[in-house]
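Topology and contacts: notes
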Amino acid sequence: MIPAAFDYVRATSAEEAISLAGEHGDEAKFLAGGHSLLPLMKLRLAQPAVLVDIGRLADLSYIRDGGDHIAIGALTRHRDVETSDLLAEHVPLLAHAASHVGDPQVRHRGTIGGSIAHADPASDLPATTLALGATYVAHGPGGTREIAAADFYEGFLTSSLAADELLTEIRVPKMAGAGWGFQKFNRRAQDWAIVGVAAWRRNGDAGVALVNMGSTPVLASSVASALAGGASVADAAEQAAAEADPQADLNASVEYRVHLAKVLTRRALEAASS
Ligand SMILES: Cc1cc2nc3c(=O)[nH]c(=O)nc-3n(C[C@H](O)[C@H](O)[C@H](O)COP(=O)(O)OP(=O)(O)OC[C@H]3O[C@@H](n4cnc5c(N)ncnc54)[C@H](O)[C@@H]3O)c2cc1C
């Protein structure tokens, strides 16, 4: 429960953070809210030699109207996402999903950028932003690039970010009247999802993504295709696990996860259709 020794540097700007990470390469890790990284370090599953603290970069904490999207700074805390009037109006699915992250203490500390960069398939916001078709903005020594959420998640806790790239902004399209549903199945309130589903629907269009149904957040494209082809919600939900590759763990067998994915997708789509 005691992490390996590490050096600690506090960055005063995004540029300084990128430069410090560049100096140390794979040996360095950004520290945002610390709610995912520090537990891994205490278990010695992560042993970075240098922590570059970005937690006080206040200019990366914002929620702004970007016209057709809402722009969220990577250092924005879950609590600010949960309580944002702008998100409540334009992307209520994301605000609601943020309210399901851990407990109030976790939500006051953890950041949306940290959750996405950590790329944990069991986290709520990676799958939710994937369902919404978000774009992530990353800054590195070579400049800025935009990454579609669908291209971002490469494997378990692995994203397409380079070690010296800083995730700076999450752009989420406005939902413009779409219905939505969010389902999170766990054994105790405030736990991680055993399986979760984020879904929206507008006329023939839909987006559905699954939490904890594989090594990455899973875009359930077959469900959206079935709905676009005129299938009922119940029939479309039967396709929920088509793109998934769930694993068994202490909480659920593979078969149970598949069952949950179908049931929760149906419930989320019923809410989105109502
Ligand atoms: C008790 C507990 C319960 C939780 N329950 C849930 C839950 O129910 N649902 C859920 O979704 N999450 C849950 N979490 C996780 C929580 O949401 C974390 O806050 C979040 O996953 C990580 O955000 P962070 O800011 O703490 O990131 P950190 O722990 O600081 O960083 C995580 C990783 O991302 C990297 N990183 C961070 N920010 C950036 C950036 N801007 N650019 C590039 N890389 C970056 C770090 O280097 C590190 O590798 C829980 C955590 C705890 C401790």
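What comes next concerns the included structure. In this convention, every chain numbers its residues from 1, walking through the sequence in written order. Per-residue local features are limited, in this predicted model, to residues with pLDDT of at least 70; the limit for side-chain atom pairs, both in listing and counting, is 80 or more; totals at the level of whole chains, interfaces and linings are taken over all residues. Note that water and hydrogens are dropped before the side-chain values are worked out from all heavy atoms of the structure.

What about the overall build of the protein chain?
- A run of DSSP states H or I qualifies as a helix once it reaches four residues; a run of E qualifies as a strand once it reaches two. Both are numbered from the N-terminal end. Helices and strands together make up the secondary structure of the protein chain, namely 12 helices and 14 strands.
- With the radius of gyration taken over C-alpha atoms, the globule rule is written as 2.2 Å times the number of residues to the power 0.38. Taking 2.2 N^0.38 as the reference for a compact globule, 274 residues should give roughly 19 Å; the C-alpha atoms of the protein chain span a radius of gyration of 18 Å, in line with that estimate.
- Seen through its C-alpha atoms, the protein chain measures out along the principal axes to roughly 55 × 45 × 35 Å.
- Categorising residues by exposure relies on relative accessible area from a 1.4 Å probe, with only protein chains included: less than 20% of the type maximum marks a residue as buried, more than 50% marks it as exposed, and the intermediate range marks it as partly exposed. When each of the 274 residues of the protein chain is scored for burial, the buried share is 50%.
- Here the contacts in the protein chain between residues at least 6 apart in sequence split such that 61% fall between residues at least 24 apart.
- To be clear on the numbers: accessible area is Shrake-Rupley with a 1.4 Å probe, and residue cover counts the displayed protein chains and nothing else. For the protein chain, the accessible area works out to roughly 12,300 Å², and carbon and sulfur atoms hold 48% of it.
- Only four residue types enter the tally: Lys and Arg on the positive side, Asp and Glu on the negative side, with His and both chain ends excluded. For the purpose of locating charges, the reference atoms are NZ of Lys, CZ of Arg, CG of Asp and CD of Glu. For the protein chain, the distance from the average site of its 22 positive side-chain charges to the average site of its 32 negative ones is 7 Å. Note on contacts: a residue pair is in contact if any heavy atoms of the two residues lie within 4.5 Å.

Some remarks on the site of the ligand
- We call a residue near a molecule or strand as soon as one heavy atom of that residue lies within 4 Å of the molecule or strand. In the neighbourhood of the ligand, 31 residues make up the surrounding shell, with F30, G34, H35, L37 and T111 lying closest.
- Within 3.5 Å is the distance limit for a polar contact, defined as a pair of N or O atoms, with the added protein rule that one can donate a hydrogen and the other accept it, and that residues adjacent in sequence qualify only through two side-chain atoms. One of the backbone nitrogen or oxygen atoms of G102 is found 3.0 Å away from an oxygen atom of the ligand.
- S115 is positioned with one of its backbone polar atoms (N or O) 3.4 Å from an oxygen atom of the ligand.
- Bound to the protein, the ligand loses 90% of the 970 Å² it would expose on its own.
- Those elements that place two or more of their residues in the shell around the ligand are β2 (28-31), α7 (112-118) and β10 (166-173).
- Take the shell around the ligand: its biggest share by element is 4 residues, from α7.
- Its residues assigned to classes, the shell around the ligand comprises 13 nonpolar, 13 polar and 5 charged. We call Asp, Glu, Lys and Arg charged. Ala, Val, Leu, Ile, Met, Phe, Trp, Tyr, Cys and Pro are nonpolar, and the rest, Gly among them, are polar.

Side note on the sheet that holds β10
- Between any two strands, pairing holds if DSSP finds at least two bridges. Pairing within the open sheet is antiparallel, and its 5 strands lie in the order β4-β5-β10-β6-β7. Since the sheet does not close on itself, it has two edges, and those belong to β4 (63-65) and β7 (143-148), each with one partner. On average, adjacent strands in this sheet sit at an angle of 25° to one another, irrespective of strand direction.
- Bridge analysis of strand β6 (residues 135-140) against β7 gives 6 bridges, and the strand direction is antiparallel. Bridge pairing in β7 places T135 opposite A148. Fitted lines through C-alpha atoms give the axes, limited to the stretch in contact for helices. The angle between two N-to-C directions lies from 0 to 180 degrees.

Description of the sheet that holds strand β14 (residues 218-219)
- Spatially, β11-β12-β13-β14 is the arrangement adopted by the 4 strands of the open sheet, whose pairing is antiparallel. Of all strands in the sheet, those bounded by a partner on one side alone are β11 (179-185) and β14.
- Bridging between strand β12 (residues 195-202) and strand β13 (residues 205-211) involves 7 bridges; their strand directions are antiparallel. In the strand pairing of β13, A199 is matched with V208.
- Helix-sheet contacts for helix α8 (residues 124-131) involve β11, β12, β13 and β14, and the interaxial angle to β13 is about 160°.

With respect to the packing of aromatic side chains
- Aromatic rings from Phe, Tyr and Trp, taking only the six-membered ring of Trp, are treated as a pair when their centres fall within 6.5 Å; an angle between ring planes under 30 degrees marks them as stacked, one over 60 as edge-to-face, and anything in between as tilted. Considering all chains together, one arrives at 4 aromatic pairs under this definition.
- A ring pair is formed by F185 and Y256, whose centres lie 6.4 Å apart and whose planes are at 85°; its orientation type is edge-to-face. Here the residue F185 occupies a position in strand β11, and Y256 occupies one in helix α12 (residues 254-273), the gap between them amounting to 71 residues.
- Among the aromatic residues, those joined into a cluster by ring pairs are Y136, F152 and Y153.
- Its end group placed over the ring of Y62, R64 keeps NZ or CZ at 3.7 Å from the ring centre. Charge-over-ring contacts are defined here by two conditions on Lys NZ or Arg CZ: a distance within 6 Å of the ring centre and an angle within 35 degrees of the ring normal.

Without other data, these values stay purely geometric and don't point to any function.
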